[in-house]
Amino acid sequence: VSTPAAEREQTLVAAFVRLADTLVADYDVIELFHGLCADCVSLLGADAAGLMLGDQRGSLQVVSASNEDAELVELFQLQADQGPCLDCYATSTQVEVGDLTAVQGRWPRFVSRASEHGFAAVHALPMRLRGQTIGALNLFHRRAHVMPPGELAVGQALADVATIAILSDRSTREREQLTGQLQAALHSRVLIEQAKGVLSERGHIEPGEAFTRLRAHARGTHQRLSELARGVIDGTLDTTTLLS
Amino acid sequence: VVDQTRLSLALAAAVADNGPDGALAVCQACVAWLPMTGASITMMDGGQGQEPVCATDSGAARIDELQFSLGDGPCVEAFTTGRAVLVPDITDPAEGRWPVFAAAAADTGARGMFVFPLHVGAAKIGVLDCYRDAPGSLSDHDLSGALRAADAAIWTLLDRVDGRTTGEGDPNGSAADEQLDGSTLARAEVHQATGMLIAQAALDATTALALLRGVAFSAGRSIADVAGEVVARRLRLDPDGAWHTAGTEHDTDHVTDVPNEPMSRDEETPP
């Protein structure tokens, strides 16, 4: 016998247990981020989620999204210039926009593009570490919606897991470690984009579909997403089965 | 703040120069506008191959030489792991990663060593190696500057890969500006296009990216712009190195011999 609330709680617990399990093993940070974005959609009822990291050059870059639709990724990336994600990153505070139409003047370019894609509400949650902000988690809803405190807390917990994932590798050389992990996450992202290109060309498919195939194959064969991507790019992996 | 602006200008000029001295100009910018005593750039491949490209002084050259003769050190580590190696003080006994190299490097007067991999996904091109004669970590600002210098170094090395070291400069100027705010390396389509060229012409990632930069340069367009054409399947590369612009994959209507002619856009084909 289970109530909807109890079911939801179970799903939530299961998600965090899975994340904890991932964090102790040798994990692929992009795979983990992708899972986190998917959790935002399934646990929080968001319609899309994206994760952006500061590139340590003064800009934000998309590293993961709940789906790899090129236009959605572009909408996240647009926030390197303006939008709730950038404000969240700059101020290290949650940015809640329950109704985008009310804030047109604040981020004109972002709001008009988000509306074109049918989004009505946006929340951005900071990835904080000891006084430093390393990125932001971005949640999009198709209907106007203010996330209640309980949902925001879950969202922030997911953002905190993402932060831990970047920094889990303990080291006395903390500064070097942070730079290494941040740059490695961005680097893995580049590898995956290159592999998507190879697969799109070979299979005559869209890059978003290429990502879906890549991820399914990584899961099916228990390989790390970035290693699989490397194999696709350098030709050591036969892409026939992946594309069939 | 002033130094960061000047650094950006110096880096933009180094990339726009598009000549054989671009890499050295990047190293000189690191010494001029970041707290570095010397800097060097080395091209490396996956195996044992390495080619010193430039060094600002004999100390920087000696540090490179040492690591490659020992086969160990921060450069080798940065290249192999793809991660920046930031050593506040190479003479610190707690820094035990490369004991032999550390002892030899200390003789050159180097204390802080900061090495950045020049990698773009699967394209592993080399390393930017900076050192200074005083110990200490880099500030956030200086680290940011050094990472941007590494981005610039990537573009100058790609020009060498592509063999276009004409020194004639960027024909339209704006393309280089666009590359240096880091935005080009953040564009998904640049990397997707690299992947598509790898598949189209059986290239490695470094060559594919160099050709993308090359064709953009020749056409006076930005890399992101040209990459968008590749991803939209309006521009493709044959295994023999010829670029095709086409409305659709099946409708190749003319071949452009880049870099002698700028490529033309085909707007007339229906989507």
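Look a little higher up for the structure.
An account of the accompanying structure is given in this report.

Here the focus is the packing of helix H3 (residues 70-78) of chain A against helix H5 (residues 108-116) of chain A. All names here are of chain A. Contact pair H3 / H5: the axes reach a minimum separation of 10 Å and the direction vectors enclose 160°. Overall, the two elements H3 and H5 adopt an arrangement that is roughly antiparallel. For the element pair H3 and H5, the recorded crossing hand is left-handed. Between H3 and H5, the contacting residues are Glu74, Leu75 and Leu78 on the first element and Arg109, Phe110, Arg113 and Ala114 on the second. Classifying every residue of the contact of H3 with H5 by side-chain character gives 4 nonpolar, no polar and 3 charged.

With that settled, the discussion passes to the side chain of Thr133 of chain A. Residues and elements named next belong to chain A. By the element assignment, Thr133 lies in strand E5 (residues 132-141). When its relative accessible area of 15% is taken as the criterion, Thr133 is described as buried. Not counting residues within four places of it along the chain, the set of residues in contact with Thr133 comprises Tyr89, Ser92, Pro126, Met127 and Arg128.

Once that is clear, we can look at the interface of chain B and chain A. If you look at the interface, chain B gives 37 residues, while chain A gives 31 residues. Buried surface at the junction of chain B and chain A, summed over both partners, amounts to about 2900 Å²; 52% is from carbon and sulfur atoms. Three residues stand out in chain B for area buried against chain A, namely Arg83, Gln192 and Arg233 of chain B, and they jointly supply 19% of the buried area on that side. Residues Arg57 of chain A and Asp151 of chain B are paired through a salt bridge, measuring 2.6 Å at the closest nitrogen-oxygen approach. Linking chain B to chain A there are 10 residue pairs in polar contact (both at pLDDT 80 or more). Those elements giving two or more residues to the side of chain B that touches chain A turn out to be strand E3 (85-87), strand E4 (112-120), strand E5 (123-132), helix H6 (140-161), helix H8 (183-186) and helix H9 (188-201) of chain B.

As a further point, take the packing of aromatic side chains. Residues and elements named next belong to chain A. A full pass over the atoms with the stated rule returns 4 aromatic pairs over all chains. One aromatic cluster is present, built from ring pairs that chain together Phe76, Trp107, Phe110, Phe119 and Phe140. The side chain of Arg142 reaches across the aromatic face of Phe119, ending 4.5 Å from its centre.

A word on the sheet that holds E5 of chain A. Residues and elements named next belong to chain A. If you walk across this open sheet you meet the 5 strands as E2-E1-E5-E4-E3, and the pairing is antiparallel. Pairing within the sheet leaves two strands with one partner each, and these edge strands are strand E2 (60-65) and strand E3 (95-97). On average, each strand axis in the sheet is inclined to that of its neighbour by 20°, with strand direction left out of account. As paired strands, strand E1 (residues 48-54) and E5 are joined by 6 bridges and run antiparallel to one another. Looking across to E5, one finds that Met52 is bridged to Ala136. Against the sheet, helix H6 (residues 149-167) contacts E1, E3, strand E4 (121-129) and E5, and its axis sits at roughly 40° relative to E4.

About the criteria used
- Within each chain, residue numbers correspond to sequence positions counted from 1 in written order.
- A letter from A marks each chain and a number from 1 marks each ligand, given out in the order of writing.
- For this predicted model, a pLDDT threshold of at least 70 governs which residues receive local features, and a threshold of 80 or more governs which side-chain atom pairs are given and counted, while totals over whole chains, interfaces and linings are taken from all residues.
- Just so you know, side-chain values use all the structure's heavy atoms and leave hydrogens and water out.
- Here an angle of 0 to 180 degrees is reported between the N-to-C directions of two axes, which are lines fitted to C-alpha atoms, with helices fitted over the stretch in contact.
- Working definition: helices are DSSP H or I runs of at least four residues, strands are E runs of at least two. Numbering for both runs from the N terminus.
- Any angle that falls under 35 degrees is termed roughly parallel, while one over 145 is termed roughly antiparallel, one within 65 to 115 roughly perpendicular, and all others oblique.
- Here is the rule for handedness: rotate from the far helix to the near one, and if that takes an anticlockwise turn smaller than a right angle the crossing is left-handed, while a clockwise turn gives right-handed.
- Contacts: residue pairs with any heavy atoms within 4.5 Å of one another.
- When residues are grouped by polarity, Ala, Val, Leu, Ile, Met, Phe, Trp, Tyr, Cys and Pro land in nonpolar, Asp, Glu, Lys and Arg in charged, and all others, Gly among them, in polar.
- Each residue's exposure class comes from its accessible area (1.4 Å probe, protein chains only) as a fraction of the maximum for that residue type: buried when under 20%, exposed when over 50%, partly exposed otherwise.
- Two parts placed together each lose some accessible area; with a 1.4 Å probe, that loss summed over both constitutes the buried area.
- Counted as salt bridges are all cases of a side-chain nitrogen of Lys or Arg within 4 Å of a carboxyl oxygen of Asp or Glu.
- Under the rule applied, a polar contact is a pair of N or O atoms within 3.5 Å (in protein, one hydrogen donor and one hydrogen acceptor; residues adjacent in sequence only if both atoms are side-chain atoms).
- Stacked, tilted and edge-to-face are the three classes applied to pairs of Phe, Tyr and Trp rings, where Trp contributes its six-membered ring and a pair requires centres within 6.5 Å; stacked means planes under 30 degrees apart, edge-to-face means over 60, and tilted covers the rest.
- The criterion for a charge sitting over a ring is simple: Lys NZ or Arg CZ within 6 Å of the ring centre, and within 35 degrees of the ring normal.
- Two strands pair if DSSP finds at least two bridges between them.

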